[in-house]
Structure formats: C-alpha cells, structure tokens
Amino acid sequence: MSGWIKLEKGLREDRRFTRIVDALLGRSEHCVTSVTQMRFIERNAVTQVLGGLAQLWMFADSHIREDDTLDITLDEVDQLVGIEGFAKLMPADWLEALDAHSVRLPNFQAHNGTDAKKKALTSKRVQRHRIRTA
C-alpha cells in the first residue's frame, strides 16, 4: 500500500478507544501514590493505545489481504504492538480472531485500502482547488 494510514483526530474520544485505555489503567491502579502519578499513568496509557493501534494499522497496511485478514495470531498482535493482552482488549469491530492463525480487521480496506486513499486525496485536492478559486 501507500506510505500513509488514516488516523482520525476523534479517536481519543471514541468509546472503543477509551475502553482499552481504561482496561490498561485498571492494571496500573494498585501502584498509584499521587494525583500527579495518576495523570502520568493516564497519559502513558493513551499514548500506548494510540501507538499500539498505529503499529497494528501500519503493519496491516502492508500485509492485509483483500478480505481484511492477516496471517497473524492474537499473541503476535500483542508482540507487534508491545502490549500484553492488547488484542483481547480490542473490540470485535476493530479486530476479530478468525482461528488460531489469523485475524480480521473489519472494514480496514474501506478506510485504508488503495481506493479509500485515492478518494481521500481527491477530496483534499478538490477542497484546496475550491479554496483557491473562491
């Protein structure tokens, strides 16, 4: 695929995203001793989830098949993103285990496939043209 992936600005407010963050925070709560430390842990969890999703989606951009499947296990997803249990925290509409050796990223091609990227670039080009000619 091409050299970019779509990462929406509103992702941090998406409830699916915040549920993953909350689950990671639940693992860390027992060692918190101050408000400052909690804020740091919260920001760290957000950064980990954003980074994990970006890692997975960049990998998928190069290796995904037309049917939105990857030959990778849930454990390999965890290894790829560097967060133990990450794959199991993801909602089914983002990551679905098909069998012991493969997963599916539903609608990945619709958002980050070649046609979706062409459409996004065309839309951006048309918008710039309208601004220039207005």
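Residues numbered from 1 in each chain as written. Predicted model: local features only at pLDDT ≥ 70, side-chain atom pairs only at ≥ 80, totals over all residues. Heavy atoms only, no water.

**Points about helix 2 (residues 35–63)**
Point 1. Across its 29 residues, helix 2 extends 42 Å between first and last C-alpha, which sits within 8% of the 42 Å expected from 1.5 Å per residue.
Point 2. Three or more residues of helix 2 are buried, namely Ile41, Ala45, Val46, Val49, Gly52, Leu53, Ala54, Leu56, Trp57, Ala60 and Asp61. (Helix = DSSP H or I, 4+ residues; strand = E, 2+ residues; numbered from the N terminus. Expected span 1.5 Å × (residues − 1). Buried < 20%, exposed > 50% of the residue type's maximum accessible area, 1.4 Å probe, protein only.)

**A look at a positive patch on the surface**
Point 1. A cluster of basic residues, Lys124, Arg125, Arg128 and Arg132, forms a positive patch at the surface.
Point 2. With respect to the helices, strands and loops of the structure, arginine 128 is situated in helix 6 (residues 114–133). (Patch = residues over 30% accessible without salt bridge, like charges linked within 9 Å, V, L, I, M, F, W, Y side chains within 5 Å. Areas by Shrake-Rupley, 256 points an atom, 1.4 Å probe, with all protein chains shown as cover. Salt bridge = Lys/Arg side-chain N within 4 Å of Asp/Glu carboxyl O. Lys, Arg positive; Asp, Glu negative; His and termini not counted. Charge placed at Lys NZ, Arg CZ, Asp CG, Glu CD.)

**Description of the environment of aspartate 99**
Point 1. Take aspartate 99: it is sitting in strand 2 (residues 96–99).
Point 2. With relative accessibility at 46%, the residue aspartate 99 sits in the partly exposed group.
Point 3. Along the chain, aspartate 99 and isoleucine 72 lie 27 residues apart, while their C-alpha atoms are 9.8 Å from each other.
Point 4. A polar atom in the side chain of aspartate 99 sits 2.9 Å from the backbone nitrogen of serine 102. (Polar contact = N/O pair within 3.5 Å; in protein donor to acceptor, adjacent residues only side chain to side chain.)

**Topic: the packing of aromatic side chains**
Point 1. Inspection of every chain in the model, using the stated rule, returns one aromatic pair.
Point 2. Arranged with centres 6.1 Å apart and planes meeting at 80°, the rings of tryptophan 57 and tryptophan 94 form a pair that is edge-to-face. Taken as a pair, tryptophan 57 in helix 2 and tryptophan 94 in the loop between helix 4 (86–89) and strand 2 lie far apart in primary sequence, 37 residues in all. (Phe/Tyr/Trp six-rings, centres within 6.5 Å; stacked < 30°, edge-to-face > 60°.)

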